[in-house]
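Residue strings, one per chain:
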Amino acid sequence: QVQLVESGGGLVQPGGSLRLSCAASGILFSTYTMGWYRQAPGKQRELVASITSGGMTNYADSVKGRFTISRDNAKNTVYLQMNSLKPEDTAVYYCNAARTFDGNSWGQGTQVTVSS
């Protein structure tokens, strides 16, 4: 049974930083592409960043230069370092695990609120 547990969300002022973590279990973590998605109220869920099993990364244009995704295969954990946060980054952030022919698995989400 796949389980993805996010942590690290919270309230932060504009310009601040947060680091999200997603601990995975029930999968051979190192073989999965891991991703962070977000969904703001009234908007569709969108990809924020992803990292392949080989370490290749991809970012949404809106977060390039501010966010960094990384993974620790020894800890079965993927991280999202978020710097220079803006109010428009406010959303529920979801962890995703994907592998060809195995579909997608999702975490429960963690709220990130950027406000003064």
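Residues numbered from 1 in each chain as written. Predicted model: local features only at pLDDT ≥ 70, side-chain atom pairs only at ≥ 80, totals over all residues. Heavy atoms only, no water.

S.K.: So what's going on with the nonpolar core? Which residues, and what values?
M.R.: Formed by 29 residues in total, the largest nonpolar core has its most connected members in M34, W36, V78, L80, M82 and Y93. If you list the elements that add at least two residues to this core, you get β3 (18–25), β4 (33–39), β5 (46–51), β7 (67–72), β8 (77–82), β9 (91–99) and β11 (110–114). In this structure, M82 is in contact with G16, S17, L18, L20, R66, F67, Y93 and V112, ignoring residues within four places of it in sequence. (Core = buried A, V, L, I, M, F, W, Y, C linked by side-chain atoms within 4.5 Å. Buried < 20%, exposed > 50% of the residue type's maximum accessible area, 1.4 Å probe, protein only. Helix = DSSP H or I, 4+ residues; strand = E, 2+ residues; numbered from the N terminus. Contact = heavy atoms within 4.5 Å.)

S.K.: Can you break down the environment of S115 residue by residue, with the values?
M.R.: Locating S115 in the fold gives a position in the segment after β11. Spatially, the C-alpha atoms of S115 and V63 are 17 Å apart, while their sequence positions differ by 52 residues. Setting aside residues no more than four positions away along its own chain, S115 makes contact with L11, V12, Q13 and P14.

S.K.: If you had to explain the packing of aromatic side chains to someone new, which residues and values would you point to?
M.R.: This structure, assessed with the given rule, holds one aromatic pair. Looking at R71, its charged tip hangs above the ring of F29, at a distance of 4.6 Å from the centre. (Phe/Tyr/Trp six-rings, centres within 6.5 Å; stacked < 30°, edge-to-face > 60°. Lys NZ or Arg CZ within 6 Å of the ring centre and 35° of its normal.)

S.K.: Explain the state of the cysteines to me, and be specific about the residues and the numbers.
M.R.: What the rule picks out here adds up to one disulfide. Here C22 engages in a disulfide with C95; their sulfurs sit 2.1 Å apart. Its torsion about the S-S bond being -80°, the disulfide of C22 and C95 is classed as left-handed. Of this pair, C22 sits in strand β3 while C95 sits in strand β9; the two residues are 73 residues apart in sequence, bridging distant segments of the chain. (Disulfide = S-S within 2.5 Å.)

S.K.: Describe the sheet that holds β3, with residues and values.
M.R.: Adjacent strands of a sheet form backbone hydrogen bonds with each other and so pair up, either parallel or antiparallel. Here we have four strands laid out as an open sheet, ordered β1-β3-β8-β7, and antiparallel in their pairing. Looking at strand neighbours, the two that pair on one side only are β1 (3–7) and β7, the edges of this open sheet. Strand after strand, the sheet turns through a mean of 15° between neighbouring axes, direction not considered. (Pairing = 2+ DSSP bridges. Axes fitted to C-alpha atoms, helices over the stretch in contact; angles between N-to-C directions.)

S.K.: Requested: an account of the pairing of β7, with residues and values cited.
M.R.: By the alternation rule, side chains of β7 split into F67, I69 and R71, which are all buried, and T68, S70 and D72, of which none is buried. Taken together, the six bridges between β7 and β8 define a ladder with antiparallel strand orientation. What sits directly across from S70, in β8, is Y79. Here β7 folds back onto β8 in antiparallel fashion, the turn holding four residues, of which N76 has a positive phi close to 50°.

S.K.: So what's going on with the pairing of β4? Which residues, and what values?
M.R.: Alignment of β4 against β9, held across seven bridges, turns out to be antiparallel. If you follow T33 over to β9, its bridge partner there is A98. Bridge count between β4 and β5: five bridges; the pairing is antiparallel. Looking at β5, one finds that Y37 is bridged to L47. Linking two consecutive strands that pair antiparallel, namely β4 and β5, is a turn of six residues; a positive phi of about 75° is found at G42 within it.

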